[in-house]
Amino acid sequence: MNEDQRSLLLSSSSRFPLPQGVRLSYGTAGFRADAALLESTVYRVGILAALRSLKMDGSVIGVMLTASHNRVSDNGVKIADPSGGMLSQSWEPFADALANAPTSQHLLQLITKFVEKENIPLEGVRRAEIMLGRDTRPSGESLLEAAKQGISSILGAVAIDMGIVTTPQLHWMVRARNKGIKASELDYFEQLSSSFRCLVGLIPSGSKISEVDEKLVVDGANGVGGEKLEVLRKVLDGMVVEIRNSGKDGGVLNEGVGADCVQKEKFAPSGFGSQDVGLRCASLDGDADRLVYFSVPSKSCNKIDLVDGDKILSLFAIFIKEQLNTLSKEGSENTSSSYHARLGVVQTAYANGASIDYLKMLGLEVVFTPTGVKYLHEKAAEYDIGIYFEANGHGTIIFSESFLCWLEARYQELSSVSKGSEQQKAALRLLAVSKLINQAVGDALSGLLLVEAILQHMGWSIQRWSELYKDLPSRQLKVKVVDRTAVITANAETVVVRPLGFQEAINAETAKHPRGRSFIRPSGTEDVIRVYAEASTQEAADSLANSVARLVDQFLGFGSSQK
Ligand code: G16
């Protein structure tokens, strides 16, 4: 590292001292904390992003400022790799070390060593380029400044401010830029709307939905998603969608609203209630990377019928499978028609037991990973078509390059020999899905458009969709403990390895309830241990969750369990 670079790093880092007593780690979705503590972390992530870009031959890297579903006073920062996916896990330890370096001198030493170890061309011909995005949190503005300062501490690095965007939009833009595709927000809307129109244009003439089912009502969590959905609605002139909790009318981000609260509490978000009985409703989270649907079944209470990520996954799987089956019918002798696409679905331990049974009954290959989209995405990428969803509504569908190449060729072939055939339509539908659905990361807006197109294609109401299978009753609790890192899990978080004896205690509680299942894990975004339980009745699920929460108290210290 030359002298200019050293003194630039030393002088700029001295303006961003680490607050005393703060120790952060790059968790499930980057660094998250009270926004007041984050300036030095965000500054350092700016440096990290610039180094990552240089390491990746000058490819564009994304930096997103968001704390997603967490409260408005929190914020966070995460990195998108050149593919648009999450930061390579091999760089997470360096991210942790950088964020916690106590002084400017330590920071400089760390960077110098890392640059050497990774062979990062600080003085090469390529310059680093970083796309920056933020959600609607008020703290985002000053944190953006800190990120820019971090980026400009690496000589020649350039920051491109994309403004207020959803997290998936930023990931999409990074991916598009690195693929050499037009990557503005307008291009994002254009791609989503044209592929949605293509899917709707291919709906079989017999598919009919009732007038009631035409309307969709969306809870925007008082975040960025409502505003962006508004743009989509205008582009898609004719889409019947009412947007509530868009943040314009004074509501607080994620407070009593949003996908996390709807999915975990199973209550209608603020602004929804008896006037919505029977309507198809959807809820986004604060940065619009999660999506769940729900309906209000009766006027008498604000309980909901939840259609969570597992059911969105099931709907997508049914549709994709239907298209693949159509495509493989009456295969011709031509070799290009004989591609056997591997379709796989990826879930986590939070997947409802009934969903797993259902997906297996459909004949699908179902695999599990720990919580966190970075794990699910990686697993799904092993298939030609990998569908992944967390029950909380975070998920997408990814297509392999080789399958897409074959599909494009097959579509061209079918267009010349059997235009208008069912096979040609199936190929076109799959191509449209690959463009509509965000290939970089789970995206509530693109997911919502795909759900809407498939429901119309099937002629299904939300009730019909919800009846695909009946969820086992479940309960989620969270418990504050002295040190959540004391919990270590294995087998995709289904088994507690530490503290010793904890898993046996869970097993003993679980055995008391028919179809009982329970697990615990340390949250990656909040300072709590999460408890999940399901059983054949709601009373049993509640009782199991409460017993396991008490075990957490016993084994891990103080605290009282809370919903
Ligand atoms: C983030 C991740 C999700 C994950 C969630 C878990 O969500 O992106 O993949 O499911 O954290 O949170 P926790 O570890 O607290 O249970 P988000 O929407 O907050 O970015």
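Chemist: Can you lay out the environment of Lys-228 for me, pointing to particular residues and giving the numbers?
Modeler: Note on placement: Lys-228 falls in helix H8 (residues 224–235). When its relative accessible area of 4% is taken as the criterion, Lys-228 is described as buried. If sequence neighbours within four positions are ignored, Lys-228 has contacts with Ile-164, Val-165, Thr-166, Gln-169, Glu-185, Phe-189 and Leu-445.

Chemist: Let's hear about the packing of helix H13 (residues 401–417) against helix H14 (residues 422–436): which residues, and what values?
Modeler: The contact between H13 and H14 brings their axes to 9 Å, and the two run at 145°. Regarding H13 and H14, the two cross each other, and that crossing is left-handed. Mapping the contact onto sequence places Phe-403, Leu-404, Leu-407, Glu-408, Arg-410, Tyr-411, Leu-414 and Ser-415 in H13 and Gln-423, Gln-424, Ala-427, Leu-428, Leu-430, Leu-431 and Ser-434 in H14. When the residues that make up the contact of H13 with H14 are grouped by side-chain class, the tally is 9 nonpolar, 4 polar and 2 charged.

Chemist: Hey, could you go over the side chain of Arg-521 for me, with residue numbers and the actual values?
Modeler: Along the chain, Arg-521 falls in strand S18 (residues 517–522). Among the polar contacts listed, one links the side chain of Arg-521 to the side chain of Glu-493, at a separation of 3.1 Å. Apart from the residues lying within four places of it in its own chain, the contact partners of Arg-521 are Thr-28, Tyr-350, Thr-371, Thr-489, Glu-493, Val-528, Ile-529 and Arg-530.

Chemist: Tell me about the sheet that holds strand S13 (residues 385–389), residues and numbers included.
Modeler: Taken in spatial order, the 4 strands of this open sheet run S12-S11-S13-S14, and their pairing is mixed. A strand with exactly one partner marks an edge of an open sheet, and here the two such strands are strand S12 (365–368) and strand S14 (395–399). On average, each strand axis in the sheet is inclined to that of its neighbour by 20°, with strand direction left out of account. Bridging between S13 and S14 involves 5 bridges; their strand directions are antiparallel. Bridge assignment links Ile-385 to a residue of S14, and that residue is Phe-399.

Chemist: Lay out the environment of Gln-347 with the relevant residues and their values.
Modeler: By secondary structure assignment, the location of Gln-347 is in strand S11 (residues 343–347). Taking relative accessible area as the criterion, Gln-347 reaches 0% and is therefore assigned buried. Through-space distance from the C-alpha of Gln-347 to that of Ala-380 is 9.6 Å; in sequence the pair is 33 residues apart. Beyond its immediate sequence surroundings of up to four residues, Gln-347 is in contact with Asp-310, Leu-313, Ser-355, Ile-356, Leu-359, Val-366, Val-367, Phe-368, Thr-369, Leu-376 and Phe-389. A polar contact is formed between the side chain of Gln-347 and the side chain of Ser-355, at a distance of 3.2 Å.

Chemist: So, the site of the ligand: which residues are in play, and what are the values?
Modeler: In the vicinity of the ligand, 19 residues are found, and the nearest of them are His-69, Glu-390, Ser-523, Gly-524 and Thr-525. Here His-69 contributes a side-chain N or O atom positioned 2.5 Å from an oxygen atom of the ligand. Between the ligand and Asp-285, the relevant distance is 3.3 Å, taken from an oxygen atom to a side-chain nitrogen or oxygen of the residue. For the ligand, whose free accessible area comes to 460 Å², the fraction covered by protein is 98%. Residue composition of the shell around the ligand, by class: 2 nonpolar, 10 polar and 7 charged.

Chemist: Describe in detail the pattern of salt bridges, supporting the description with residues and values.
Modeler: The tally for this structure, following the rule as stated, stands at 33 salt bridges. Between Asp-276 and Arg-244 there is a salt bridge, and its shortest N-O distance comes to 2.9 Å. Here Asp-276, found in the loop between helix H9 (259–265) and strand S8 (280–284), pairs with Arg-244, found in strand S7 (residues 241–244); they are 32 residues apart in sequence, far enough to count as distant. Each member of the pair, Asp-276 as well as Arg-244, carries the same accessibility label: buried.

Chemist: Mind laying out the sheet that holds strand S9 (residues 291–295), listing which residues take part and the relevant values?
Modeler: In spatial order, the strands read S7-S6-S8-S9-S10; together these 5 strands make up an open sheet with mixed pairing. Among the strands making up the open sheet, the edge pair consists of S7 and strand S10 (305–307). Across the sheet, the mean angle from the axis of one strand to that of its neighbour is 25°, orientation sign disregarded. Of the strand pairs in this sheet, S8 and S9 are connected by 4 bridges, and their pairing is antiparallel. Opposite Ser-283, over in S9, you have Val-292 as the bridge partner.

About the thresholds
Residues numbered from 1 in each chain as written. Predicted model: local features only at pLDDT ≥ 70, side-chain atom pairs only at ≥ 80, totals over all residues. Heavy atoms only, no water. Helix = DSSP H or I, 4+ residues; strand = E, 2+ residues; numbered from the N terminus. Buried < 20%, exposed > 50% of the residue type's maximum accessible area, 1.4 Å probe, protein only. Contact = heavy atoms within 4.5 Å. Axes fitted to C-alpha atoms, helices over the stretch in contact; angles between N-to-C directions. Left-handed = near helix turned anticlockwise from the far one by under 90°. Nonpolar A, V, L, I, M, F, W, Y, C, P; charged D, E, K, R; others polar. Polar contact = N/O pair within 3.5 Å; in protein donor to acceptor, adjacent residues only side chain to side chain. Pairing = 2+ DSSP bridges. Near = heavy atom within 4 Å. Areas by Shrake-Rupley, 256 points an atom, 1.4 Å probe, with all protein chains shown as cover. Salt bridge = Lys/Arg side-chain N within 4 Å of Asp/Glu carboxyl O.

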